Amino acid sequence: MKHIERTLIIDAPKFLGQYVRLSGWVNSRRDHGKLIFIDLRDRSGVVQMVIIPDKEIAYKNAKDVRSEFVIDVEGFVKERPGGLAKNTKTGMIEIEVAKIDVISEVEAELPFDVAKSELDVNLNTLLDNRNLVLRNKKINDIFKVYDQLLKSYAEAMRTAHFLEIKTPKILSAATEGGANFFKIKYFNREAYLAQSPQFYKQAGVGAFERVFEIGSVFRAEPHFTTRHVNEYVGLDAEMGFIDSFSDVMDQLESVLKKMAFDISQNCQEELSEYSGEILAPEHFPRIRLTEALEILEKEYGKKSEDVDIDPEGERLICEWAKEKYSSDFIFLTHYPISVRPFYSMPSADGQFTETFDLIFKGVEIASGGQRIHNYKQLKNNIVRYGLNPEDFEHYLDIFKLGMPSHGGWGLGSERIVQKILGLDSIKEAILFPRDVKRLTP
Ligand code: ATP
Ligand code: MG
């Protein structure tokens, strides 16, 4: 029976001189002749504990415990002799242990020391040993930033009166066409995993005006890159009654400024661990895609055969934006019709579209724009794109019922975290990433 309530390690200094109970994982154990030192870790931090031979049972148990054992400890909070240990919020104290109970042992060989401040292992090792790796403080902290990002996104959207929705991920037809769909067996039929909530969030506009979604997106892309995975979490939004796609960019900009602000405020420790920073000025620069391609040629000697910008171009245009506008963000606008989906609103010139990409620290993090809301125009555009309107029957139904002008975006959550913290691969920002070669753990 437990008589004393558990104290979190971070709170232990408040109990100086008192008897407390702590629970957690053995971060490390050191035998110093007679004394045994154990660093105990819980969700709030790490504290040093000392076990002296006089406490016979505790001492015996302390001899047996190994890294990552889960233990329950009782003891006195004492001032730590020899002063502060660096970089910890509990460095001024230690726990003089009276009692140790082992809650669970480690049954496996640990492939590396997860308590090290810097895990010096390659990406595959990081991903293969995910359950262990996620316990490392520096890795663990990636997901604290991620948590803040999700929270800020939802808060920003609700503040602007967007309704949070969840749309189906199992679809009867491959939404936008194309090859990057996963086909699945659905009872005795075929179905597809959603590669975007696009059509459903537009339906959401028809019902609620403003909607957002935080949801899984599946892409059967064979890319093996540092910024693609096959399942990611999209931060989507769609808003009705816009005057132009500038309204959409304004909204997205304000969401990202809030995320940047919240993360700088609430994740200072995590940011400093990674030397992460975010330059988010009052207004993010906005330039036309064609202008960006000209800048790349003029300033960086980068000629482009393509009408679109490539990854190298995205990296360079961000360098330019940082230099010129002290901004880690830049909007590129007016993508040509040929590189945008059929529901994109064409610009007056008939060549370009009322669309944008948002580039952050060298990679695209969002695509968005104004959508066609007129039924006939949409149907004609489907034909113009060489698609069959019959395949879009349910989607077109939305537009037969009266739709406001509207637009929105798809924003990739993991790429933002990757870029804020300067992680080499997007996979490091995902708990259990799925890529072309990886379906486990
Ligand atoms: P890219 O050109 O980089 O492959 P995309 O233009 O195909 O991206 P969109 O369809 O515009 O991607 O999706 C919106 C956002 O979702 C992207 O800007 C990105 O942040 C994120 N995203 C898209 N595909 C992936 C992926 N495979 N893995 C992780 N995030 C992705
Ligand atoms: Mg895109």
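Worth saying up front: this structure is predicted, and the values here are computed from it rather than measured.

Reading the values: rules and limits
Residues numbered from 1 in each chain as written. Chains lettered and ligands numbered in written order. Predicted model: local features only at pLDDT ≥ 70, side-chain atom pairs only at ≥ 80, totals over all residues. Heavy atoms only, no water. Axes fitted to C-alpha atoms, helices over the stretch in contact; angles between N-to-C directions. Helix = DSSP H or I, 4+ residues; strand = E, 2+ residues; numbered from the N terminus. Parallel < 35°, antiparallel > 145°, perpendicular 65-115°, else oblique. Left-handed = near helix turned anticlockwise from the far one by under 90°. Contact = heavy atoms within 4.5 Å. Donors = N, O, S within 2.8 Å, 3.2 Å for Na, K, Ca; no water. Buried < 20%, exposed > 50% of the residue type's maximum accessible area, 1.4 Å probe, protein only. Patch = residues over 30% accessible without salt bridge, like charges linked within 9 Å, V, L, I, M, F, W, Y side chains within 5 Å. Areas by Shrake-Rupley, 256 points an atom, 1.4 Å probe, with all protein chains shown as cover. Salt bridge = Lys/Arg side-chain N within 4 Å of Asp/Glu carboxyl O. Expected span 1.5 Å × (residues − 1). Near = heavy atom within 4 Å. Polar contact = N/O pair within 3.5 Å; in protein donor to acceptor, adjacent residues only side chain to side chain. Nonpolar A, V, L, I, M, F, W, Y, C, P; charged D, E, K, R; others polar. Domains from an automatic or database assignment. Buried area = accessible area lost by both parts, 1.4 Å probe. Pairing = 2+ DSSP bridges. Core = buried A, V, L, I, M, F, W, Y, C linked by side-chain atoms within 4.5 Å.

Draft legend 1. Spotlight on the packing of helix 4 (residues 137-159) against helix 6 (residues 245-266). Contact pair helix 4 / helix 6: the axes reach a minimum separation of 9 Å and the direction vectors enclose 140°. Considered as vectors, helix 4 and helix 6 are oriented oblique to each other. Crossing angle aside, the handedness with which helix 4 passes helix 6 is right-handed. When helix 4 is examined against helix 6, the residues V145, Q148, L149, S152, Y153, E155, A156 and M157 are found in contact with a partner set consisting of Q251, V255, K258, M259, D262, I263 and N266.

Draft legend 2. Here's a closer look at the coordination of the magnesium ion (ligand 2). The magnesium ion (ligand 2) binds to the protein through E364 (OE) and S367 (OG); the donor distances cover 2.2 to 2.3 Å. Residue E364 is classed as partly exposed on the basis of its relative accessible area, which comes to 23%. Given a relative accessible area of 23%, S367 falls into the partly exposed group.

Draft legend 3. Inspection of a nonpolar patch on the surface at higher detail. Taken together, the side chains of I170, Y186 and F187 present a nonpolar region at the surface, about 330 Å² in accessible area. Here Y186 shows up in strand 8 (residues 183-186).

Draft legend 4. Inspection of the environment of P13 at higher detail. Looking at where P13 falls in the secondary structure, it is placed in the segment before strand 1 (19-32). On the basis of relative accessible area, P13 is assigned to the partly exposed category, the value being 23%. Excluding anything up to four places from it in sequence, P13 contacts K89, T90, M92 and I93.

Draft legend 5. Examining helix 9 (residues 311-325) more closely. Taking 1.5 Å of rise per residue, 15 residues should cover 21 Å, and helix 9 covers 21 Å from first to last C-alpha, within 8% of that figure. Those residues of helix 9 not exposed but buried are G313, E314, L316, I317, C318, W320 and A321. On the buried face of helix 9, the contacting elements are strand 12 (286-288), helix 8 (289-300), strand 13 (329-333), strand 14 (355-360) and strand 15 (363-371). Of the residues trailing helix 9, S326 is marked for its positive phi of about 45°.

Draft legend 6. Broad picture of the site of ligand 1. Around ligand 1, the surrounding shell holds 14 residues, and the nearest of these are E221, H228, V229, E364 and I365. With respect to ligand 1, the backbone of I365 contributes an N or O atom lying 2.8 Å from an oxygen atom. If ligand 1 stood free it would expose 580 Å²; the protein chains cover 82% of that surface. Secondary structure elements with two or more residues in the shell around ligand 1: strand 15 and strand 16 (406-412). Residue contributions to the shell around ligand 1 peak at 4 residues, all from strand 15. Looking at the shell around ligand 1, its residues break down into 5 nonpolar, 4 polar and 5 charged.

Draft legend 7. Quick look at unusual backbone geometry. Each neighbour pair has its own omega, and for T440 with P441 the value is -10°, a cis peptide bond. Inspection of the secondary structure assignment puts P441 in the segment after helix 12 (413-421). A positive phi is found at H161, a non-glycine position, where the angle reads about 65°. When you line up the elements, H161 lands in the loop between helix 4 and strand 6 (163-164). Owing to a relative accessible area of 66%, H161 belongs among the exposed residues under this scheme. Backbone geometry at F241 places phi at a positive 60°, although glycine is not the residue there. Note on placement: F241 falls in the loop between strand 11 (231-240) and helix 6.

Draft legend 8. Region of interest: the domain arrangement of the chain. Domains assigned within the chain are domain 1 (9-104) and domain 2 (132-429). The C-alpha-based centres of domain 1 and domain 2 are spaced at 47 Å. Buried area between domain 1 and domain 2, both sides added, is near 300 Å², and the carbon and sulfur share of it is 32%. Broken down residue by residue, the surface that domain 1 buries against domain 2 is led by R41, E68 and K89, which jointly contribute 70%. For the pair domain 1 and domain 2, the interface holds 2 salt bridges.

Draft legend 9. The sheet that holds strand 10 (residues 210-218), seen in detail. Overall, mixed pairing links the 8 strands, which are arranged 6-10-11-16-15-14-13-12 in an open sheet. The strands lining the two open edges of the sheet, one partner per strand, are strand 6 and strand 12. Where strand 11 meets strand 16, 7 bridges bridge the pair, whose relative direction is antiparallel. Residue pairing across strands places M239 opposite G407, the latter belonging to strand 16. Helix 9 rests against strand 12, strand 13, strand 14 and strand 15 of the sheet, and its axis sits at about 120° to strand 13.

Draft legend 10. How the structure looks around the nonpolar core. The biggest cluster of nonpolar side chains holds 55 residues, and the ones touching the most others in it are Y153, L256, W409, L411 and I416. Excluding anything up to four places from it in sequence, Y153 contacts F212, E213, I214, L235, D236, A237, V255, M259, W409 and L411. I9, Y59, I93 and I95 belong to the second largest nonpolar core, which has 23 residues in total.

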